[in-house]
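The primary structure of each chain is shown beneath.
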Amino acid sequence: MKEKITLITYFNEEEQNKIKAIMSKIKEKTCKVPYFLDDDAKRYSVDIMPYHFTIFGTGKENQDKVLNVLKKNKLNKIKVKIDKLKLIQSLKSGAFILYFGIEKNQELIELQRLFFKEIPEERGYVGGSFYTGDAEKEYDSSNYVFHMTLHVTKDEEKAKEMYKIINENFQPFYMEFDRVALYDDRGGDLIKIFNS
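Sequence order as written defines the numbering, with residues in each chain counted from 1. The model is predicted, so local features are restricted to residues of pLDDT at least 70 and side-chain atom pairs to those at 80 or more, both for listing and for counting; the totals for chains, interfaces and linings are taken over all residues. Only hydrogens and water are set aside; all other atoms, that is, all heavy atoms of the structure, feed into the side-chain values.

Participant: Before we go on, may I ask you to explain the overall build of the protein chain in this structure?
Facilitator: Of the regular secondary structure elements, the protein chain holds five helices and eight strands. Radius of gyration: C-alpha atoms only; globule rule: 2.2 Å multiplied by the number of residues to the exponent 0.38. Rg of the C-alpha trace for the protein chain: 16 Å, near the compact-globule value of 16 Å for 196 residues, within the 12% margin. Seen through its principal axes, the protein chain has C-alpha atoms that stretch 45 × 35 × 35 Å. A contact between two residues is defined here by any heavy atoms of the two lying within 4.5 Å. Taking the intrachain contacts of the protein chain between residues at least 6 apart in sequence as the baseline, contacts between residues at least 24 apart amount to 74%. Where helices and strands are cited, they refer to DSSP runs of H or I of at least four residues and of E of at least two residues respectively, numbered from the N terminus.

This is the structure in structure tokens:
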């Protein structure tokens, strides 16, 4: 399997605690990792990233390009409105994905565009079930559904129960960040955190 890296939003502890408080209502262990591994034990063991929105993903061979984009561009504080809780089924794996969605955010779209401008051959690595654009055309960040994965499972009943518990008292709320983090994907290590 090709080595990959993923750039994510990096929320401070106070912002992370907003999600942790919501997820504390779920009494069983959750996992944010997609089904690229055969068993849940392996998936849970590589679930090392904090709650986040994925900004960009690419092959490890492009790490220097990603780092250069980050060095050349100042990161402003970005505030997002989490306005929905969704449960969808992945067309690829059949798994159920429970996630928070956000109100369309131009700053986040522009941040993602910086990386696709530098590495245009990365046609929608962050897409999958969350890209609404035409897969045959050039990737367009405005067609990406930014999301915060809360849990991925093949157990439909558990997914629906979690959705019901969280949705019971769900109210839209805001989160903000001024840092991003680059990770080795699929259970790898943190490479670097970038401040504004």
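Back to the text.
Participant: How should the nonpolar core be read in this particular structure?
Facilitator: Nonpolar side chains in soluble globular proteins generally cluster together in the buried interior. Side-chain atoms within 4.5 Å are what join buried Ala, Val, Leu, Ile, Met, Phe, Trp, Tyr and Cys residues into a set we call a nonpolar core. Only protein chains enter the accessibility calculation, which uses a 1.4 Å probe; a residue is then buried when its area is under 20% of its type maximum, exposed when over 50%, and partly exposed in between. Residues I19, I82 and F100 are the most contacted members of the largest nonpolar core, which totals 50 residues. Beyond its immediate stretch of four places on either side in the chain, I82 contacts I19, F53, F100, G101, I102, M148, F170, P172, F173 and M175. Residues I8, Y10, M49 and Y183 belong to the second largest nonpolar core, which totals five residues.

Participant: Hey, could you run me through the sheet that holds strand β8 (residues 190-195) in this one?
Facilitator: The pairing of strands in a sheet happens through backbone hydrogen bonds and is either parallel or antiparallel. Strands pair, by our definition, only if DSSP identifies at least two bridges between them. A sheet is described by the order of its strands in space; here four strands give the open sequence β2-β1-β7-β8, paired in antiparallel fashion. Bordering the open sheet on either side are β2 (54-59) and β8, each of which pairs with just one other strand. Within the sheet, the average angular offset between the axes of one strand and its neighbour, ignoring direction, is 15 degrees. Here strand β1 (residues 4-9) pairs with β2 via five bridges, running antiparallel. Paired with T6 across the bridge in β2 is G57. Taken strand by strand, helix α4 (residues 106-118) contacts β1, β2 and β7 (179-184), and its axis lies near 10 degrees from that of β2. Axis lines are fitted through C-alpha atoms, for helices just across the contact stretch, and the angle between N-to-C directions can take any value from 0 to 180 degrees.

Participant: Would you mind going over the packing of aromatic side chains with me for this structure?
Facilitator: Here the distance between the centres and the angle between the planes together describe a pair of aromatic rings. For this analysis, a ring pair means two rings from Phe, Tyr or Trp (six-membered ring only for Trp) whose centres lie within 6.5 Å, classed as stacked if their planes differ by under 30 degrees, edge-to-face if by over 60, and tilted for the remaining angles. What the rule picks out here adds up to eleven aromatic pairs. Aromatic pair F11 and F53: ring centres 6.1 Å apart, planes at 70 degrees, arrangement edge-to-face. Of this pair, F11 sits in the loop between β1 and α1 (13-23) while F53 sits in the loop between α2 (40-45) and β2, and the two are 42 residues apart along the sequence. Classification of F53 by relative accessible area gives buried; the value is 0%. Centre to centre, the rings of F170 and F173 are 6.4 Å apart; their planes meet at 70 degrees, and the pair counts as edge-to-face. Relative accessible area serves as the criterion here: at 15%, F173 is assigned to the buried category. Counting every residue linked through ring pairs, the aromatic cluster contains F56, F115, F116, Y131 and Y139. Our definition puts a charge over a ring when NZ of Lys or CZ of Arg is within 6 Å of the ring centre and also within 35 degrees of the ring normal. Between the NZ or CZ atom of K32 and the centre of the ring of Y51, over which it lies, the distance is 5.0 Å. The ring of Y35 carries K154 above its face, with NZ or CZ at 4.6 Å from the centroid.

Participant: Is there a simple way to think about the packing of helix α3 (residues 63-72) against α4 in this case?
Facilitator: A packed helix pair is summarised by two numbers, namely the angle formed by the two axes and the spacing between the axes. Following both chains from N to C, one finds α3 and α4 inclined at 130 degrees, their axes separated by 10 Å at the closest point. Taken together, the axis directions place α3 and α4 in an arrangement best described as oblique. Our pair here, α3 against α4, has a crossing hand that is right-handed. Together, K65, V66, V69, L70 and K72 of α3 and L114, F115 and E118 of α4 make up the contact between the two elements. Residue classes follow a fixed rule: Ala, Val, Leu, Ile, Met, Phe, Trp, Tyr, Cys and Pro count as nonpolar, while Asp, Glu, Lys and Arg count as charged, and any other residue, Gly among them, counts as polar. Of the residues that constitute the contact of α3 with α4, the class distribution is five nonpolar, no polar and three charged. For classification, angles of less than 35 degrees are called roughly parallel, those exceeding 145 degrees roughly antiparallel, those between 65 and 115 degrees roughly perpendicular, and all remaining angles oblique. Less than a right angle of anticlockwise turn of the near helix away from the far helix marks a crossing as left-handed, whereas a clockwise turn marks it as right-handed.

Participant: Whenever I open this one, the pattern of salt bridges confuses me. Can you help?
Facilitator: Side chains that differ in charge, positive against negative, can pair when their charged atoms come close. Put simply, a salt bridge is a Lys or Arg side-chain nitrogen that is within 4 Å of an Asp or Glu carboxyl oxygen. Scanning all chains against the criterion turns up eleven salt bridges. The salt bridge partner of E176 is K77, with a shortest N-O separation of 3.7 Å. With E176 in strand β6 (residues 173-177) and K77 in the loop between α3 and β3 (78-89), this residue pair connects regions lying 99 residues apart in the sequence. Residue E176 is classed as partly exposed on the basis of its relative accessible area, which comes to 30%. The exposure class assigned to K77 is partly exposed, which follows from its relative accessible area of 49%. When the shortest N-O distance is used, the salt bridge between K84 and D83 registers 2.9 Å.

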